[in-house]
Amino acid sequence: MEIRFVSYSELKIYFEKEMLEKDLEEKSKMGICSVADLLFITEDYKKGKLRPRATLESTFEKFQEGPEESGKIFIAGLDRERLSEAMFEKLVEGVELWETVASSKLPPQDSITYLALKVTPNTWWPEEIFDEMYNEFGLDEE
Amino acid sequence: MQDIVLDTNILSEFLVQYFLHRQRNGHFTADQVKITDFLNHRVVMGIRGIIKSYDYMRSHLVVASTFAFLEIARKFESVSGNRYSIEQFSGFIDQPPEWFLVAPLDTSLFLDLLRIPPYVTTAGGKLKNIEWADAIHLATALSRDDCLLATTDSRLKQLTGFQNIII
């Protein structure tokens, strides 16, 4: 199974047209996105920047019953275990915060995305997913 | 009694008190939660009630979203003010008290976020944005049955239709 990062703009297109990008229709391909992008869809909708074909509630239901249920799109969330594993660097000398996300340089929704998609021993997706996300809108860590 | 979701400011203030008074064996008593600028009387009474009743009822929880912890991390030094360490903060997330739930940020919040209007008309008649970040705390409360939100956000407090759950 080939897996790739799904950006906010692609997700937005799904919620406007109820269509996935063509490559994701292939059986051997799936996408992964951050829960922050899905939740941010509601923000754009409420501020009139997203116009679904019907109601956003019904499109969300279709999304859940379609791409999400079938595993075509996996939404990486941020639960307690993920937060603990991704936000801290546990060293012999002590615990440190992951400097990149623990910074106001990133907008909060991007901090969520970094944490949700960070590759750690308990994630199953390849490192390239984080790199693809980072190339899309990452900031220089320096 | 109801669950209480804490927003970021209130969570941070609560953590200060928790780490100040928690004993080495992890014991923390309800009466150690005190009123401060952020923790008003109703919030303190609610948290105390949950902690006190947990041993025999186990029915209600103090709750904060993973996002509240992330917000603290993003400005850790200024928010913690050296009153708790990163090790303590990390340890709390790894192993919160039994009566505390670190609620996930997941798709279950989607429909509740939609219920929250994007703007609020303030007492002065001005239209103000409801920030996405603040709406997450309210959506976390809405996603749970019979739950209150403890918030310092003046805009959320003015939202029509939600005042009965905001303390």
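All values derive from a computational prediction rather than experimental measurement.

**Focus on the overall build of chain B**
Across its full length, chain B carries eight helices and six strands. When the elements of chain B are put in sequence order from the N terminus, they spell out β-α-α-β-α-α-α-β-α-β-β-α-β-α. Rg of the C-alpha trace for chain B: 16 Å, near the compact-globule value of 15 Å for 167 residues, within the 12% margin. Along the longest, intermediate and shortest principal axes, the C-alpha atoms of chain B span 50 × 35 × 30 Å. Across chain B, the fraction of contacts at a sequence separation of at least 24, relative to all contacts at a separation of at least 6, is 66%.

**Considerations on the packing of helix α3 (residues 35-46) of chain A against helix α6 (residues 108-117) of chain A**
The contact between α3(A) and α6(A) brings their axes to 8 Å, and the two run at 145 degrees. Across the interface between the two elements, Val35(A), Ala36(A), Asp37(A) and Phe40(A) from α3(A) touch Gln109(A), Ile112(A), Thr113(A) and Ala116(A) from α6(A).

**Here's the deal with the packing of α6(A) against helix α3 (residues 66-74) of chain B**
Viewed as axis vectors pointing N to C, α6(A) and α3(B) meet at an angle of 110 degrees, and their least axial separation amounts to 11 Å. Of the possible angle classes, the one that applies to α6(A) and α3(B) is roughly perpendicular. Across the interface between the two elements, Pro108(A), Ser111(A), Ile112(A) and Leu115(A) from α6(A) touch Phe67(B), Leu70(B), Glu71(B) and Arg74(B) from α3(B).

**So, the sheet that holds strand β2 (residues 29-34) of chain A**
All names here are of chain A. Spatially, β1-β2-β3 is the arrangement adopted by the three strands of the open sheet, whose pairing is parallel. The open sheet terminates on both sides in strands that have one partner only, identified here as β1 (2-5) and β3 (73-76). Going across the sheet, the axis of each strand differs from the next one's by a mean of 25 degrees, ignoring polarity. Each of β2 and β3 touches α6; the most contacted strand, β2, lies at about 135 degrees to it.

**Some words on unusual backbone geometry**
Even without glycine at this site, Glu18(A) takes up a positive phi of about 55 degrees. Along the polypeptide, Glu18(A) turns up in the loop between α1 (8-17) and α2 (22-25). Despite not being glycine, Asp146(B) has its phi angle at roughly 50 degrees, a positive value. Take Asp146(B): it is sitting in the loop between α7 (132-142) and β6 (147-150).

**Focus: the environment of Gln163(B)**
Residues and elements named next belong to chain B. Counting through the fold element by element, Gln 163 comes out in the segment after α8 (154-157). With 11 C-beta atoms packed within 10 Å, Gln 163 lands in the exposed category. Along the sequence, Gln 163 and Ala 68 sit 95 residues apart, while their C-alpha atoms lie 21 Å from each other.

Calculation criteria
Residues numbered from 1 in each chain as written. Chains lettered and ligands numbered in written order. Predicted model: local features only at pLDDT ≥ 70, side-chain atom pairs only at ≥ 80, totals over all residues. Helix = DSSP H or I, 4+ residues; strand = E, 2+ residues; numbered from the N terminus. Rg over C-alpha atoms; globule rule 2.2 N^0.38 Å. Contact = placed C-beta atoms within 7 Å. Axes fitted to C-alpha atoms, helices over the stretch in contact; angles between N-to-C directions. Parallel < 35°, antiparallel > 145°, perpendicular 65-115°, else oblique. Pairing = 2+ DSSP bridges. Buried ≥ 20, exposed ≤ 12 C-beta atoms within 10 Å, placed from the backbone.

Don't take any of this as a statement about function, it's just geometry.
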